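Listed below are the residues making up each chain.
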Amino acid sequence: QVQLVESGGGLVQAGGSLRLSCAASASGNFFKINLVRWFRRTPGSERDLVARLTSSGRTNYTDAVEGRFTISKDDAKNTVYLQMNRLKAEDTAVYYCNANIYTCAEGSRHYWGQGTQVTVSS
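From a predicted model like this one, the values you see are computed outputs, not experimental measurements.

## Considerations on the pattern of salt bridges
Under the criterion given, the structure shown has 4 salt bridges. Each of the salt bridges in this network shares a partner with another, and the network as a whole consists of R40, R68 and D91.

## Some points on the nonpolar core
W38, I71, L82, M84, Y95 and I101 are the most contacted members of the largest nonpolar core, which totals 31 residues. Only β3 (18-25), β4 (31-41), β5 (48-53), β7 (69-74), β8 (79-84), β9 (93-103) and β11 (116-121) provide two or more residues apiece to this core. Broken down by element, this core gets its largest block of residues, 5 residues, from β9. Excluding its chain neighbours within four sequence positions, the residues that come into contact with I71 are V36, R37, W38, A51, R52, L53, T59, Y61, V80, Y81 and L82.

## Some details on the packing of aromatic side chains
Going through the model one piece at a time under the given rule, you end up with 2 aromatic pairs. When the ring of Y96 is compared with that of W112, the centres are 6.4 Å apart and the planes differ by 85°; the resulting orientation is edge-to-face. With Y96 in strand β9 and W112 in strand β10 (residues 107-112), this pair connects stretches of sequence that are 16 residues apart. Here W112 falls in the partly exposed class, since its relative accessible area comes to 38%. A cation over a ring is seen here: R47 above Y96, with NZ or CZ 4.0 Å from the ring centre. For R47, the ring lying beneath its charged end belongs to W112, and the centroid distance is 4.2 Å.

## Topic: the sheet that holds β8
Either a parallel or an antiparallel arrangement is found when strands of a sheet pair, and the pairing is made through backbone hydrogen bonds. Ordered in space as β1-β3-β8-β7, the 4 strands form an open sheet in which the pairing is antiparallel. Both edges of this open sheet fall to β1 (3-7) and β7, since each of them pairs with a single strand only. Strand-to-strand twist in this sheet, taken as the mean axis angle between neighbours without regard to direction, amounts to 15°. Relative to β8, β3 is paired through 6 bridges, and the arrangement is antiparallel. Bridge pairing in β8 links R19 to Q83.

## Considering the pairing of β8
For β8, the tally of buried residues reaches 5 of 6 residues, placing the bulk of the element in the interior. Between β7 and β8, which follow one another and run antiparallel, lie 4 residues, and N78 among them has a positive phi close to 50°.

## A closer look at the pairing of β9
Burial analysis of β9 places 9 of its 11 residues in the buried class, which makes it a mostly covered element. Summarising the sheet, β4 and β9 pair through 9 bridges and their orientation is antiparallel. Pairing of F39 across the sheet is with Y96, part of β9. Both β9 and β11 contribute to a ladder of 3 bridges, which runs antiparallel. Bridged to V94 within β11 is Q117. In this structure, β9 lies alongside β10, joined through 6 bridges in antiparallel fashion. Paired with Y102 across the bridge in β10 is S108. Counted between consecutive antiparallel strands, the loop separating β9 from β10 contains 3 residues.

Scoring rules and cut-offs
Residues numbered from 1 in each chain as written. Predicted model: local features only at pLDDT ≥ 70, side-chain atom pairs only at ≥ 80, totals over all residues. Heavy atoms only, no water. Salt bridge = Lys/Arg side-chain N within 4 Å of Asp/Glu carboxyl O. Core = buried A, V, L, I, M, F, W, Y, C linked by side-chain atoms within 4.5 Å. Buried < 20%, exposed > 50% of the residue type's maximum accessible area, 1.4 Å probe, protein only. Helix = DSSP H or I, 4+ residues; strand = E, 2+ residues; numbered from the N terminus. Contact = heavy atoms within 4.5 Å. Phe/Tyr/Trp six-rings, centres within 6.5 Å; stacked < 30°, edge-to-face > 60°. Lys NZ or Arg CZ within 6 Å of the ring centre and 35° of its normal. Pairing = 2+ DSSP bridges. Axes fitted to C-alpha atoms, helices over the stretch in contact; angles between N-to-C directions.

Okay, structure coming up:
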């Protein structure tokens, strides 16, 4: 069973940095991470796409975070990261990772992390 476990959220002052991690596992079975994305959600809103990393290494960011956030992946650790710099109060949200993962048992499916709270104080 595939699991995505997030960590790294917390409280930070405006202008500071945080790095979110999203570690994938599959109960010891073979799996391959393809497309990965980070979303965020504020109270009363839907999940908004923040950043995307394709299997070929192409990245895309929403305009609000372009130049401040960086999405990356460490294949050896099966972990996806979101480095967030120059944080602003409006970045406050619950952040979710989403990955398209291939397993022999399930084929290619999208999986979600549990979410991690990021709070930026102004």
